[in-house]
Number of protein chains: 2
Amino acid sequence: MAFELYYWPDIQGRGEFVRLALEQAGAPYVDVTRERGVQALLRFMESEAPRPPFAPPCLRDGTLVIAQVAAILLHLGPRLRLAPTDEADRLWVHQIQLTLADLVVEAHDTHHPLGADLYYEEQEPEALRRAKTFRERRMPKFLGWLERILDRNPAGPEWLVGKSVTYADLSAFQVVEGLSYAFPVAMTHALKAAPRLAVLAARVRALPNVAAYLASPRRIPFNNSGIFRRYPELDD
Amino acid sequence: MAFELYYWPDIQGRGEFVRLALEQAGAPYVDVTRERGVQALLRFMESEAPRPPFAPPCLRDGTLVIAQVAAILLHLGPRLRLAPTDEADRLWVHQIQLTLADLVVEAHDTHHPLGADLYYEEQEPEALRRAKTFRERRMPKFLGWLERILDRNPAGPEWLVGKSVTYADLSAFQVVEGLSYAFPVAMTHALKAAPRLAVLAARVRALPNVAAYLASPRRIPFNNSGIFRRYPELDD
């Protein structure tokens, strides 16, 4: 049976980490709101299910419903052959994913430091201050950590963990794409200091299934409603 | 062999979620920096290990080193009998933990909306705005979700998942404690709307091992260096 992904239809957002895993694996899935409209998500979130999700994205796999990107990928990883078989390796992939999730929160908060229920325009001065710290300190710290992981991978710097692609590689690619969209100037410098990560992102981009997905209409373009937004003043 | 926890010695912080699990299970552990000083953590973080942690807390279990609270608890859960045996149930506990981790980030950002490298005093006006949104919208949303989980647990509202205590219950307790320290006024109202959660927190507090821990010098008091801080102006 096809997986069902419940997420907003107009943004990559957090759902994109799940889409990339499903696409790379060639797994059958329904991106529910893109077929049936956003009402399907709203109804789903208001369901009386005994295990209510807190927020999208959610994945339905048969009778199982899972929210939280990292939990979804923890579940999908072995099923899509995007996680190692060894338990310690699998936990390491998960740990990387959790740290990428932290980075995603901080990237989002560059444009919404005071909270998501105010418009960007209502918090632009604060966003300028938060983005400066993010660009100068936090982003290099996160990217430097990924670079170090590649550098230290005993199997070589081709992938983050072991010698095959995992969902952590796909997510690292998405983060590099998103940050490059949001902060093109800062990322040009940052990737010079993280050459292995830049190569990893290019390697993921060239995976046949990923490449086909990126070229398809299923890949929603980046836009200023998602997590990664291009406000040039925040990259300056 | 005893577990080793690497975390800051002067705050509860994120390490507290791990401490509570170890204490409730009566597991042997060394809180490394409290015995050997903070230098032990700094050296540990700078190690040349092939799998470098991004940030504390970290747990060492034999040769395995794990960072990220949710990953640590995912690993410890079955070993400490603080997770269900069924895989779907275990994923649900993990999903709750991940959502509590999101709440923790937002609680932290009430006093540091512009970033952790500026002092609170340098971002107090922004903190006032962010805290208002947090108190009025986000906190009730998170607590309401926990209340709903208790309400819908087919095994009854005693615990979040199934009919025994899991690490998610311990973490929910810690969040209620922390928010009650940081926002005593707002939490008095919020807990009236979440009576099952208030009872859960009291139930966890009364577990013999938890009660003994809380009464011991091992429990670091809340203070204004941790995640949950009491700035009365943010609760007004």
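**Student:** Where do I start with the relation of the copies chain B and chain A in this structure?
**Tutor:** Put simply, the two copies of the chain differ by a rotation about an axis and a shift along that axis. Each copy superposes on the other: chain B lies on chain A with an RMSD of 0.0 Å after a rotation of 180° and an axial shift of 0.0 Å. Interpreted geometrically, this transformation is the action of a two-fold axis. Nearest to the rotation axis, the C-alpha of B:Pro113 is located 2.7 Å from it, this being the minimum over chain B. Mapped onto chain A, 100% of the interface residues of chain B again fall at the interface, so both copies present the same surface.

**Student:** Would you mind going over the nonpolar core with me for this structure?
**Tutor:** In terms of nonpolar packing, the biggest core is built from 140 residues, with A:Ala21, A:Ala172, B:Ala21 and B:Ala172 touching the most fellow members. Every residue in contact with A:Ala21, bar those within four places of it in the chain, is listed here: A:Leu73, A:Leu76, A:Leu80, A:Leu82, A:Tyr167 and A:Leu170.

**Student:** Honestly, the sheet that holds strand E3 (residues 58-61) of chain B in this entry has me stumped. Any pointers?
**Tutor:** The strands that make up a sheet are held in pairs by hydrogen bonds between backbone atoms, and each pair lies either parallel or antiparallel. Residue and element names in this part refer to chain B. The sheet built from four strands is open, its strands ordered E2-E1-E3-E4 with mixed pairing. Every other strand in the sheet has two partners, leaving strand E2 (29-31) and strand E4 (64-67) as the edge strands with one partner each. Ignoring strand direction, the axes of neighbouring strands in this sheet form an average angle of 20°. Pairing analysis gives four bridges linking E3 to E4, with the strands arranged antiparallel. Residue pairing for E4: Cys58 is matched across the bridge by Ala67. Packed on one face of the sheet, helix H1 (residues 15-25) meets strand E1 (3-6), E2 and E3 and runs near 160° to E1. Of the strands in this sheet, E3 and E4 touch helix H4 (residues 69-79), which is tilted by about 135° from E4.

**Student:** Can you help me understand helix H6 (residues 124-152) of chain A in this one?
**Tutor:** Over its 29 residues, H6(A) extends 39 Å from the first C-alpha to the last, a length consistent with the 42 Å expected when each residue adds 1.5 Å. The sharpest bend along H6(A) measures roughly 45° and falls at A:Phe134.

What counts, and where the lines are drawn
- Residues numbered from 1 in each chain as written.
- Chains lettered and ligands numbered in written order.
- Predicted model: local features only at pLDDT ≥ 70, side-chain atom pairs only at ≥ 80, totals over all residues.
- Least-squares fit on C-alpha atoms with pLDDT ≥ 70 in both.
- Contact = placed C-beta atoms within 7 Å.
- Core = buried A, V, L, I, M, F, W, Y, C linked by C-beta atoms within 7 Å.
- Buried ≥ 20, exposed ≤ 12 C-beta atoms within 10 Å, placed from the backbone.
- Pairing = 2+ DSSP bridges.
- Helix = DSSP H or I, 4+ residues; strand = E, 2+ residues; numbered from the N terminus.
- Axes fitted to C-alpha atoms, helices over the stretch in contact; angles between N-to-C directions.
- Expected span 1.5 Å × (residues − 1).
- Bend = angle between axes of the 7 residues up to and from the residue.

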